[in-house]
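Per-entry structural report
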Amino acid sequence: IELSSKYILQLKQDIEIPCQKAFLKQSPPSFQKISVCLDALDSTQRRFRTLLQTNLEILFNAIIPKIEQHLHPFVDTVNYDITQSKWNENQINDPFMEIFIQNLDILIDPYKKSLSETNLDTFMHSAARYIIEFMEHNLYKKKISKFGAKQVDKDFMMLLTYFST
């Protein structure tokens, strides 16, 4: 759909100028008919874009339960009210984020192979937005110590790094 949308736009651009040169001066009524057809190409291209966006949203909504399944340990077990010794221990053995990112990568890997670069980018932005909003919402319910805040920062930086690559 994405490629078809691009080709429709390119077709319109390729046809428009030669048609203006050929018909505008010699036969304005004929150019009006061509102009209506060119407008129809614009309309078709917009419908394709809307269809693509709708289907990407449907696809993403289908994997939300699987993402949430991997996010539940964040709600249930991740503690940000930690001491310096726990912070030091977490630097060696991350309690949540490394495993979450591994599971997320396994979940998203089939889409990396099958979606176009643009569609994958849209899909990944949706995933990032959803995960960050989920975590942010649940952070408000947790008590956070000074070292816990450092852990929060580390966790979000790991997510940022994952979504940036």
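Residues numbered from 1 in each chain as written. Predicted model: local features only at pLDDT ≥ 70, side-chain atom pairs only at ≥ 80, totals over all residues. Heavy atoms only, no water.

**Quick word on the state of the cysteines**
Just so we agree on the cut-off: By disulfide we mean two sulfur atoms from cysteines, separated by a distance within 2.5 Å. Classification of residues uses two cut-offs on accessible area relative to the type maximum, computed with a 1.4 Å probe and protein chains only: under 20% is buried, over 50% is exposed, and between them is partly exposed.
If you walk through the whole model with that rule in mind, you get zero disulfides. Note on C19: no disulfide assigned, nearest cysteine sulfur contributed by C37 at a separation of 9.3 Å. A relative accessible area of 13% means that C19 is categorised as buried.

**Observations concerning helix α2 (residues 28-76)**
To be explicit about the condition: Under the DSSP-based scheme used, a helix requires at least four consecutive residues in state H or I and a strand at least two consecutive residues in state E, with every element numbered from the N terminus. Residue count minus one, scaled by 1.5 Å, sets the expected span of a helix. Note that bend, as reported per residue, equals the angle between axes fitted to the 7 residues terminating at that residue and the 7 residues originating from it. What makes two residues a contact is simply this: any of their non-hydrogen atoms within 4.5 Å.
Helix length check: α2, at 49 residues, gives a terminal C-alpha distance of 70 Å against a target of 72 Å (1.5 Å per residue), a fit within 8%. Roughly 40° is the biggest bend found in α2, and it falls at H70, with proline P73 one to four residues downstream. Among all positions of α2, only F31, I34, L38, Q45, L52, L56, F60, I63, I64, I67, L71 and F74 are buried. Where the residues of α2 are buried, they touch α1 (2-23), α4 (97-114) and α5 (117-139).

**As for the packing of α4 against α5**
We count it as follows: For helices, the fitted line uses only the C-alpha atoms of the stretch in contact; every axis is such a line through C-alpha atoms, and the angle between N-to-C directions lies from 0 to 180 degrees. Working definition: roughly parallel below 35 degrees, roughly antiparallel above 145 degrees, roughly perpendicular at 65 to 115 degrees, and oblique for all remaining angles. Two helices crossing with the near one rotated counterclockwise from the far one by less than a right angle form a left-handed crossing, whereas a clockwise rotation gives a right-handed crossing. Charged means Asp, Glu, Lys or Arg here, nonpolar means Ala, Val, Leu, Ile, Met, Phe, Trp, Tyr, Cys or Pro, and polar covers whatever is left, Gly included.
Relative to each other, α4 and α5 sit at 150°, their axes nearing to 12 Å. Viewed along their axes, α4 and α5 adopt a mutual orientation that is roughly antiparallel. Judged by the twist between their axes, the crossing of α4 over α5 is right-handed. Facing M97, F100, L104, I108, Y111 and K112 of α4, the residues of α5 in contact are L120, F123, M124, A127, I131 and M135. Each residue belonging to the contact of α4 with α5 can be placed in one class, and the counts come to eleven nonpolar, no polar and one charged.

**With respect to the pattern of salt bridges**
Here is the rule we go by: One side-chain nitrogen of Lys or Arg within 4 Å of one carboxyl oxygen of Asp or Glu is enough to make a salt bridge.
Scanning the entire structure with this criterion turns up eight salt bridges. A salt bridge links D81 to K143; its shortest N-O distance comes to 3.9 Å. Residue D81 is located in the loop between α2 and α3 (84-92), and its partner K143 is located in the loop between α5 and α6 (146-164); the two are separated by 62 residues in the primary sequence. Two residues, K113 and D109, come together in a salt bridge whose shortest N-O distance is 3.1 Å. Taken together, the residues span about one helical turn, with K113 and D109 both in helix α4 at a distance of four residues. Taking relative accessible area as the criterion, K113 reaches 68% and is therefore assigned exposed. A single network of salt bridges, built from pairs that share partners, joins K12, E16 and D42.

So far we have only geometry, and geometry alone does not tell us how the molecule works.
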